[in-house]
Amino acid sequence: KNEVEQSPQNLTAQEGEFITINCSYSVGISALHWLQQHPGGGIVSLFMLSSGKKKHGRLIATINIQEKHSSLHITASHPRDSAVYICAVISGTASKLTFGTGTRLQVTL
Amino acid sequence: NAGVTQTPKFQVLKTGQSMTLQCAQDMNHNSMYWYRQDPGMGLRLIYYSASEGTTDKGEVPNGYNVSRLNKREFSLRLESAAPSQTSVYFCASRGRAGNTIYFGEGSWLTVV
């Protein structure tokens with residue numbers, strides 16, 4: 001069983017829809033990151049969370065440390081949001097970085 | 001991505017050849033990582049380093065070696081390349097707790 005599980009694996013939405021991507025992990029962590037990867041390979045960090053909730057524009061990320069669960073929400077989705085969204089956790093004293101398998105999001109007009 | 005530079009961007013190797021992927025960051029980060037990305041597999045951690053002179057194995061270390069000789073650079077070496085090592089390789093770095101992760105642009109490696 002992977003230490004980090006994401007769902008769904010694939011997601012298709014129409015423009016304007018509210019989107020939720022989930023991440024569950026099984027290890028103790030010091031931080032959780034949400035990343036975005038567009039076709040072509042570039043990866044950027046969207047959020048770093050250790051507790052609570054963060055908001056950046058139309059993106060909202062939450063984490064529940066007790067339940068070992070995080071969600072990424074996209075409000076009023078747009079075709080430019082089409083990308084792979086990846087959850088990653090930092091664990092251990094050596095700051096091991098473990099990734100989920102990613103969620104491929106396609107937003108259509 | 002500003003701050004993390006990896007080379008080469010593209011490389012074709014014959015089975016059995018060796019090569020080194022170079023990664024350097026100029027953000028004074030402690031932690032550096034190498035991972036590979038394969039279709040349908042997501043990003044898998046190969047090796048990581050919490051500080052200069054220390055390295056740890058990730059999920060898929062077999063067939064690879066790493067070196068962290070200084071804080072700035074973290075290299076990944078394939079001693080005898082195999083077709084199963086055909087992949088896209090990414091280097092990343094991270095500062096102290098609470099800092100953003102920064103990624104290199106990726107290195108596309110094909111082993112024939």
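Look above for the structure.
Reference entry: report on the structure contained in this document. The structure displayed is predicted, hence computed values, not measured ones.

## A word on the packing of aromatic side chains
- Within the structure shown, the criterion is met by seven aromatic pairs over all chains.
- With a centroid separation of 5.6 Å and 35° between ring planes, the pair formed by Phe-10 of chain B and Trp-108 of chain B is classed as tilted. With Phe-10 of chain B in strand β2 (residues 10-13) and Trp-108 of chain B in strand β11 (residues 107-111), the pair connects residues that are 98 residues apart, well separated along the chain.
- Look at Trp-108 of chain B and you get partly exposed, because its relative accessible area is 28%.
- Through successive ring pairs, a cluster of aromatic residues spans Phe-99 of chain A together with Tyr-35, Phe-90 and Phe-103 of chain B.

## Quick notes on the environment of Leu-11 of chain A
Residue and element names in this part refer to chain A.
- If you trace the backbone, Leu-11 turns up in strand β2 (residues 10-14).
- Among the residues examined, Leu-11 registers a relative accessible area of 21% and is labelled partly exposed.
- Along the chain, Leu-11 and Lys-53 lie 42 residues apart, while their C-alpha atoms are 23 Å from each other.
- In contact with Leu-11, not counting residues within four places along its chain, are Ile-19, Thr-20, Ile-21, Thr-103, Arg-104, Leu-105 and Gln-106.

## Considering the interface of chain B and chain A
- Taken together, the contact between chain B and chain A spans 21 residues of the former and 19 residues of the latter.
- Taking both partners together, chain B and chain A bury about 1700 Å²; carbon and sulfur atoms supply 66% of that area.
- Among the residues of chain B in contact with chain A, Leu-43, Ile-101 and Phe-103 of chain B are the three that bury the most area, contributing 28% of the side total.
- Taken together, the links from chain B to chain A amount to zero salt bridges.
- Our enumeration of links across chain B and chain A arrives at two residue pairs in polar contact (both at pLDDT 80 or more).
- Secondary structure elements with two or more residues in the side of chain B that touches chain A: β4 (31-38), β5 (42-49), β9 (87-94) and β10 (101-103) of chain B.

About the thresholds
- Positions within a chain are numbered from 1, following the residues in the order the chain's sequence is written.
- Note on labels: chains are lettered from A, ligands numbered from 1, in written order.
- Only residues with pLDDT of at least 70 get local features here, since the model is predicted, and only at 80 or more are side-chain atom pairs given and counted; chain-wide, interface and lining totals rely on the full set of residues.
- To get the side-chain values, all heavy atoms of the structure are used, and hydrogens and water are removed first.
- For Phe, Tyr and Trp, rings pair up if their centres lie within 6.5 Å, where Trp contributes its six-membered ring, and each pair is then called stacked (planes under 30 degrees apart), edge-to-face (over 60) or tilted (otherwise).
- Note on conventions: DSSP H or I runs of at least 4 residues are helices, E runs of at least 2 residues are strands, and numbering of each starts at the N terminus.
- Burial status follows relative accessibility: with a 1.4 Å probe on protein chains alone, a residue under 20% of its type maximum counts as buried, one over 50% as exposed, and anything between as partly exposed.
- Contact criterion: two residues are considered in contact whenever any of their non-hydrogen atoms come within 4.5 Å of each other.
- Simply put, the buried area is the total loss of 1.4 Å probe accessible area from both parts when two parts are fitted together.
- Think of a salt bridge as a Lys or Arg side-chain nitrogen and an Asp or Glu carboxyl oxygen that are within 4 Å of each other.
- Here a polar contact is taken to be a pair of N or O atoms separated by no more than 3.5 Å, where protein atoms must pair a possible hydrogen donor with a possible acceptor and residues adjacent in sequence count only if both atoms sit in side chains.

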